[in-house]
Amino acid sequence: MKKVKIFLIAILALSIGTVTAHDKETEKDRGTEIITAQIHDMLADQEIPDNIRGAKAEVKIALADDGIYRLLSVNSNNENLKHFLKDGIDFQNLTPGNKDLVYVIPIEIAE
């Protein structure tokens, strides 16, 4: 019985350590929030066409070796929204983040 208790305590300690390590990583990299805010500001300056109102998209970008973001994909059911996002986001003016991450930015256009 004593061995079982020691084993359970060891498992509990390891699982708590894993959870706190994960939390610290996500606290350090707030890049997604920063990039999302920058993209929002870029798109807010443009006139929103009626044919993309209410549409949703998921934009995936990553930082290239030259320090500029590259568009990996735009997933949306609305082709007009895809073109609007590709044309409206200035990837050269985004603040550089972590090179090891692919940023996934959800976008929803208000109706």
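Residues numbered from 1 in each chain as written. Predicted model: local features only at pLDDT ≥ 70, side-chain atom pairs only at ≥ 80, totals over all residues. Heavy atoms only, no water.

Caption draft 1: Structural detail: helix α3 (residues 79-88). If you check which residues of α3 are buried, you get L81, K82, F84, L85 and G88. Considered in projection along α3, the buried side chains sweep an arc of 165° and stay on one side of the axis. Close packing links the buried residues of α3 with α2 (31-44), β1 (56-63), β2 (69-75) and β3 (102-108). Capping the start of α3 is the job of one residue whose side-chain oxygen sits 2.9 Å from the backbone nitrogen of N80: N78. (Buried < 20%, exposed > 50% of the residue type's maximum accessible area, 1.4 Å probe, protein only. Helix = DSSP H or I, 4+ residues; strand = E, 2+ residues; numbered from the N terminus. Arc of directions from axis to C-beta. Contact = heavy atoms within 4.5 Å. Polar contact = N/O pair within 3.5 Å; in protein donor to acceptor, adjacent residues only side chain to side chain.)

Caption draft 2: Expanded view of the packing of aromatic side chains. Evaluated as defined, the whole model comprises 1 aromatic pair. Taking 6.1 Å as the distance between ring centres and 70° as the angle between the ring planes, the aromatic pair formed by Y69 and Y103 counts as edge-to-face. Highlighted residues: Y69 in strand β2 and Y103 in strand β3, separated in sequence by 34 residues. Comparing Y69 with Y103 shows no difference in burial state: the two are buried. (Phe/Tyr/Trp six-rings, centres within 6.5 Å; stacked < 30°, edge-to-face > 60°.)

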